[in-house]
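Next come the chains, spelled out residue by residue.
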Amino acid sequence: MFIDYATIRVKAGDGGQGCVAFRREKFVPRGGPSGGDGGLGGSVRVVASGRLNTLYHLQFKRDFKAQRGQHGMGSNCSGQAGEDVIIELPIGAVVRDKVTNEIVADLIEDGASVLLAKGGRGGQGNQHFATATRQAPRFAQPGEPGEEREFVVELKLIADIGLVGLPNAGKSTLISVISAAKPKIADYPFTTLVPNLGVVSVDGDTFVVADIPGLIEGAHEGHGLGDRFLRHVERCSALVHLVDLSLSENPSRDAAVIAAELSLYSGLLAEKPRVICGSKLDSVHEGASADLRQYAKTAGYEYFEISAVTGQGVTELTRRLNSLVKQSRQVPATQPLPVYD
Ligand SMILES: Nc1nc2c(ncn2[C@@H]2O[C@H](COP(=O)(O)OP(=O)(O)OP(=O)(O)O)[C@@H](O)[C@H]2O)c(=O)[nH]1
Ligand SMILES: [Mg+2]
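Residues numbered from 1 in each chain as written. Chains lettered and ligands numbered in written order. Predicted model: local features only at pLDDT ≥ 70, side-chain atom pairs only at ≥ 80, totals over all residues. Heavy atoms only, no water.

Q: Would you mind showing me how to read the packing of aromatic side chains here?
A: Per the counting criterion, the structure on display carries two aromatic pairs. Seen in terms of ring centroids, Y56 and F60 are 5.3 Å apart; in terms of plane orientation they differ by 90°. Their pairing is edge-to-face. Look at Y56 and you get partly exposed, because its relative accessible area is 35%. Relative accessible area serves as the criterion here: at 63%, F60 is assigned to the exposed category. Here the aromatic rings of F129 and F139 are separated by 5.2 Å at their centres, their planes lie at 40°, and the arrangement is tilted. On the criterion of sequence distance, the pair formed by F129 in the loop between β7 (113-117) and β8 (148-155) and F139 in the loop between β7 and β8 is long-range, its members being ten residues apart. (Phe/Tyr/Trp six-rings, centres within 6.5 Å; stacked < 30°, edge-to-face > 60°. Buried < 20%, exposed > 50% of the residue type's maximum accessible area, 1.4 Å probe, protein only. Helix = DSSP H or I, 4+ residues; strand = E, 2+ residues; numbered from the N terminus.)

Below, the structure written as structure tokens:
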């Protein structure tokens, strides 16, 4: 099952208590305080793992609790530190604080690791509190509590190009033609229920395309499958907006519906480089092609036409996408990478 959203609760381990103890030995009268320190509580961290593809595992386990530090002991023995808890997440996972919405981790690289909750410091034993005037302190420090926080985890797939459009526009057919991906294709809406990724090779380069479920008018209000799958094209360098040319003479109306949904989802998505692509050129409706071309021109987007069935125009499209991907890879990331503790 493809799960791309989860909430988790994490609790780092409390620090161990400092110990109150006194040295007692036969020939050492009043041996002085000898209470050891409490151990550090275990922390909770996330780590990106290429072995995972979804957040399915978080469906069953939502609470993560690290071990507390061992209490300090007599004879100046410190307690052991508690063990850390490591939560594995797929690459592309974004972790936000549930309360403040602040992004605490954006796991783009395999093995990247971020601290979510820090273990409490152990308390100091009474050996630390002896002074000239108070040689036998009968107290020690308690351990600090470990941090306790709630997070929202979202998976945002990492792809270079995102395919968007109305249901039945031919998105899955296109990805199946340009890559080895074999998604379900059928002539009814909402055939695709979860995103598909495909790797496209062109002129010795490769890039990754994401095919997501179709959007309909009102998707931002939850109509159809909603617009939550758009999170998987947020990281893309460019979007391909596929518009069916076989339905009517004015496909620009269909195109405007998707354009509006993209804007309503986020300004960032609306501003992403976008290519308008007429699909099903083999069975084009009269006048549709000119109408959509005009729409793209007015809106300032590049325009392509393809038939995934006959292959017409597909190479031109993938070549252009390849150059768009290459361009954006050259631009350094404008946002600083998150600092890993
Ligand atoms: N004639 C023709 N039919 C096509 C072409 N591309 C796709 N189709 C048909 O259009 C229908 C829908 O194709 P899909 O690829 O499943 O459409 P989709 O955009 O992925 O649809 P959803 O997953 O429901 O959003 C299928 O019956 C395809 O065979 C094309 O180039 N020409
Ligand atoms: Mg599909």
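Let us keep going from here.
Q: I'm lost on the site of ligand 1 in this one. Help?
A: The local shell around ligand 1 holds 23 residues, among which K171, T173, F190, T192 and D282 are the closest. V309 places a main-chain nitrogen or oxygen 3.3 Å from an oxygen atom of ligand 1. Within the complex, the protein chains bury 86% of what would otherwise be the 650 Å² of accessible surface of ligand 1. The site holding ligand 1 turns out to be the second largest pocket. For the shell around ligand 1, the per-class residue count stands at ten nonpolar, nine polar and four charged. (Near = heavy atom within 4 Å. Polar contact = N/O pair within 3.5 Å; in protein donor to acceptor, adjacent residues only side chain to side chain. Areas by Shrake-Rupley, 256 points an atom, 1.4 Å probe, with all protein chains shown as cover. 1 Å grid on protein atoms, 1.4 Å probe; cavity = no way out; pocket = protein on both sides within 12 Å on 5 of 7 lines; lining within 4 Å. Sits in = over half its atoms within 2 Å of the grid points. Nonpolar A, V, L, I, M, F, W, Y, C, P; charged D, E, K, R; others polar.)

Q: Can you help me understand the pattern of salt bridges in this one?
A: Two side chains that carry opposite charge are able to pair once their charged atoms sit near each other. Across all of its chains, the model carries 17 salt bridges by this definition. Here R121 makes a salt bridge to E144, at a shortest N to O gap of 3.5 Å. Separated by 23 residues along the polypeptide, R121 in the loop between β7 and β8 and E144 in the loop between β7 and β8 bring together distant segments of the chain. Two residues, K280 and D244, come together in a salt bridge whose shortest N-O distance is 3.0 Å. On the criterion of sequence distance, the pair formed by K280 in the loop between β13 (274-279) and α4 (288-299) and D244 in strand β12 (residues 238-244) is long-range, its members being 36 residues apart. Within this structure, D4, R96, E154 and R231 form a network of salt bridges that share partners. (Salt bridge = Lys/Arg side-chain N within 4 Å of Asp/Glu carboxyl O.)

Q: Sorry if this is basic, but what is going on with the coordination of the magnesium ion (ligand 2) here?
A: Around a metal, the perfect tetrahedron of four donors has angles of 109.5 degrees, and the perfect octahedron of six donors has angles of 90 or 180 degrees. At the metal site, the magnesium ion (ligand 2) is ligated by S172 (OG) and T192 (OG1), and these contacts range over 1.9 to 2.1 Å. Placement of the pair is S172 in helix α1 (residues 171-178) and T192 in the loop between α1 and β10 (196-202), with a sequence separation of 20 residues. By relative accessible area, S172 is classed as buried at 9%. Looking at T192, the relative accessible area reads 10%, which means it is buried. (Donors = N, O, S within 2.8 Å, 3.2 Å for Na, K, Ca; no water.)

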